[in-house]
Amino acid sequence: MRRIYNFSAGPAILPIPVLEAAGSAVVEFNGSGMSLLEVSHRGKDYEAVHFGAQARLLSVLGISADEYSVLFLGGGASMQFAQVPMNFLGKDDTADYIHTGEWSKKAIGEAKRFGAVNVAGSSEGEKYACLPTALNLTPTAKYVHFTSNNTIEGTEFKSSPNTNGVPLIVDMSSDIFAIDRDHSQFDLIYAGAQKNAGPAGVTIVVVRKSYLATATDDIPAILSYKTHAKADSLYNTPPVFPIFVVGEVLKWIEAQGGVAAMQAHNEAKAGAIYDALDAHPDFYDPAVTVKADRSLMNITFRIKNADLEKAFLAGAQERDMDGLKGHRSVGGFRASVYNAFPKEGCEALAAYIHEFAKDNG
Ligand SMILES: *Cc1c(COP(=O)(O)O)cnc(C)c1O
């Protein structure tokens, strides 16, 4: 099997044992004489996958099934931008949003359709090169929403905003399972699976049961979190295959030592690349100016002499490194090094960063 260094931001790299388990289940699932793609979602073989993934997800996050429900939904994280306010924000209510990039902008845009939005902090003035330092929170807000990792810009909250008791909602699409946070501080976590948790096609929603009880009932059943929580996320046919893969990713994370071990590994990996960039300050511009705000998942940078960008990418390709082009809205480069990305790949990129600066500086 050929395996290159895949720095893609998403859909993104998955661990080889996960791919092997997925491949084998697609051919024959559990000795059933059927493919995973052919079995009923009401059968006991699939139920073990479904409930196993839910239980493992809570255990990996260090929170309990007494307090939280796990939902596996469709529509991507983008649907959550609308579903969160549809469930929790009435037209006379206010929600606080922390604005840190392209994804929070979309979340704010959808929330405004349902109620009032207070942008409680923003780094737009700094072109998202850091995180906001001061927040202007609304004491009566229905919730505070933030994006834990800004996939496009390359900033990441290592600790969460203090909301003084207002419910906290987080878009964790690109760093769920990567940072050892206290997850009991969140009332709702959502994440499209395809960055750090599995393949495209399922969105993970973890919601505190007592907070869910405050959601409106006056919306279509299929868009109500309560509907899905009541039915254990089997109200309609769930995305069976991506859920299976998420379950395998969770087994792999457990085998690596859990989220704390993932974070330590991620710090070493990202550190190797940032150190290489920082060693050549006259040649490279890391996009994130405040070091503490730098993402462990998405490392964004430019070459000061933009004429060299094409040559940098071509040389990377020759070294079997793919997916380094920055998001089309910001340009430059982005190295996405999610949980499954190997340390050797980070070291290979760091070596190339040094070499390219020496040859062209
Ligand atoms: C990718 C991404 C999204 C959008 O996810 P979809 O599943 O494509 O809708 C939202 N938020 C963040 C932080 C992301 O990285």
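Model, not experiment: these values are computed from the prediction. (Residues numbered from 1 in each chain as written. Predicted model: local features only at pLDDT ≥ 70, side-chain atom pairs only at ≥ 80, totals over all residues. Heavy atoms only, no water.)

## Considerations on the packing of helix 3 (residues 76–88) against helix 4 (residues 102–111)
When two helices pack together, their arrangement is captured by the angle between the axes and the distance separating the axes. Between helix 3 and helix 4, the shortest axis-to-axis distance is 8 Å and the interhelical angle comes to 40°. Of the two elements, helix 3 crosses helix 4, and the hand of that crossing is right-handed. Along its contact with helix 3, which presents Ser78, Phe81, Ala82 and Pro85, the element helix 4 presents Trp103, Lys106, Ala107, Glu110 and Ala111. Considered class by class, the residues forming the contact of helix 3 with helix 4 number six nonpolar, one polar and two charged. (Axes fitted to C-alpha atoms, helices over the stretch in contact; angles between N-to-C directions. Helix = DSSP H or I, 4+ residues; strand = E, 2+ residues; numbered from the N terminus. Left-handed = near helix turned anticlockwise from the far one by under 90°. Contact = heavy atoms within 4.5 Å. Nonpolar A, V, L, I, M, F, W, Y, C, P; charged D, E, K, R; others polar.)

## Brief notes about the domain arrangement of the protein chain
Domain annotation for the protein chain reports domain 1 (16–256) and domain 2 (258–360). Inter-centroid distance (C-alpha atoms) of domain 1 to domain 2 is 27 Å. Counting residues at the interface gives 26 residues for domain 1 and 27 residues for domain 2. Carbon and sulfur atoms make up 55% of the area that domain 1 and domain 2 hide from each other, which totals about 2,100 Å². In this assembly, domain 1 and domain 2 are joined by zero salt bridges. Of all the secondary-structure elements, those providing two or more residues to the side of domain 1 that touches domain 2 are strand 7 (155–156) and helix 7 (240–256). In terms of residue count, helix 7 provides more of the side of domain 1 that touches domain 2 than any other element does, four residues in total. Partitioned by chemical class, the residues of the side of domain 1 that touches domain 2 number eleven nonpolar, seven polar and eight charged. (Domains from an automatic or database assignment. Buried area = accessible area lost by both parts, 1.4 Å probe. Salt bridge = Lys/Arg side-chain N within 4 Å of Asp/Glu carboxyl O.)

## Details of the packing of aromatic side chains
Counted under the stated rule, the structure contains 20 aromatic pairs. With 6.3 Å between their ring centres and 70° between their planes, phenylalanine 81 and tyrosine 190 make a pair best called edge-to-face. Of the two residues, phenylalanine 81 is situated in helix 3 and tyrosine 190 in strand 9 (residues 188–192); the sequence distance between them amounts to 109 residues. On the basis of an interplanar angle of 85° and a centroid distance of 6.0 Å, the ring pair of phenylalanine 301 and phenylalanine 312 is categorised as edge-to-face. Pair noted here: phenylalanine 301 is in strand 12 (residues 298–303) and phenylalanine 312 is in helix 9 (residues 309–318), with a separation of eleven residues, a long-range link. (Phe/Tyr/Trp six-rings, centres within 6.5 Å; stacked < 30°, edge-to-face > 60°.)

## Side note on the environment of glutamate 47
Within the secondary structure layout, glutamate 47 lies in helix 2 (residues 44–61). As for glutamate 47 and valine 240, which are separated by 193 residues in sequence, their C-alpha atoms are 10.0 Å apart. The residues touching glutamate 47, leaving out its near neighbours within four places in the chain, are His41, Arg42 and Gly52.

## Concerning the nonpolar core
Judged by nonpolar contacts, the single largest core of 50 residues is most densely connected at Leu57, Ile176, Phe177, Ile204 and Val206. By residue number, the principal contributor to this core is helix 7, which donates nine residues. If we skip the residues at most four places from it in the chain, isoleucine 204 touches Leu57, Leu71, Phe72, Ile176, Phe177, Ile189, Tyr190, Ala191, Ala197 and Val246. By size, the runner-up hydrophobic cluster in this structure holds 36 residues, among which are Ala12, Ile273, Ile303 and Leu349. (Core = buried A, V, L, I, M, F, W, Y, C linked by side-chain atoms within 4.5 Å. Buried < 20%, exposed > 50% of the residue type's maximum accessible area, 1.4 Å probe, protein only.)

## Some thoughts on the packing of helix 7 against helix 8 (residues 258–278)
Relative orientation of the contacting elements helix 7 and helix 8 amounts to 75°, with a least axis distance of 7 Å. One way to sum up the angle between helix 7 and helix 8 is to call them roughly perpendicular. Contacts between helix 7 and helix 8 involve Trp252, Ile253, Glu254 and Gln256 from the former and Gly258, Val259, Ala261 and Met262 from the latter. When the residues that make up the contact of helix 7 with helix 8 are grouped by side-chain class, the tally is five nonpolar, two polar and one charged. (Parallel < 35°, antiparallel > 145°, perpendicular 65-115°, else oblique.)

## Digging into the sheet that holds strand 14 (residues 333–336)
Spatial ordering of the open sheet is given by 11-12-14, a layout of three strands whose pairing is antiparallel. In this open sheet, the two edge strands, each paired with only one partner strand, are strand 11 (284–286) and strand 14. Each strand of the sheet is rotated relative to its neighbour by a mean of 30°, with strand direction disregarded. Sheet analysis places strand 12 next to strand 14, joined by four bridges and oriented antiparallel. Considered in strand 14, the bridge of isoleucine 299 is made with alanine 335. Contacts from helix 8 reach strand 11 and strand 12 within the one sheet, and its direction differs from that of strand 12 by about 15°. Sitting on the sheet, helix 10 (residues 343–360) is in contact with strand 11, strand 12 and strand 14, with an inclination near 140° to strand 11. (Pairing = 2+ DSSP bridges.)

## Here's the deal with the site of the ligand
Close to the ligand lie 13 residues; Ser78, Thr151, Asp171, Gln194 and Lys195 are nearest. In this structure, serine 78 approaches the ligand through a side-chain N or O atom, which is 2.6 Å from an oxygen atom. Taking glutamine 194, its side chain carries an N or O atom lying 2.9 Å from an oxygen atom of the ligand. Protein chains bury 88% of the 390 Å² of accessible surface belonging to the ligand in isolation. Counting residues per element, the shell around the ligand draws most heavily on helix 3, at four residues. Grouping the constituent residues of the shell around the ligand by class yields three nonpolar, eight polar and two charged. (Near = heavy atom within 4 Å. Polar contact = N/O pair within 3.5 Å; in protein donor to acceptor, adjacent residues only side chain to side chain. Areas by Shrake-Rupley, 256 points an atom, 1.4 Å probe, with all protein chains shown as cover.)

## Some points on the side chain of glutamine 83
Structurally, glutamine 83 can be placed in helix 3. Separated by 2.9 Å, the side chains of glutamine 83 and glutamine 80 make a polar contact. Here the side chain of glutamine 83 touches leucine 223 through a polar contact of 2.9 Å, landing on its backbone oxygen. What glutamine 83 contacts, discounting residues up to four positions off in sequence, is Leu73, Ile222, Leu223, Ser224 and Tyr225.

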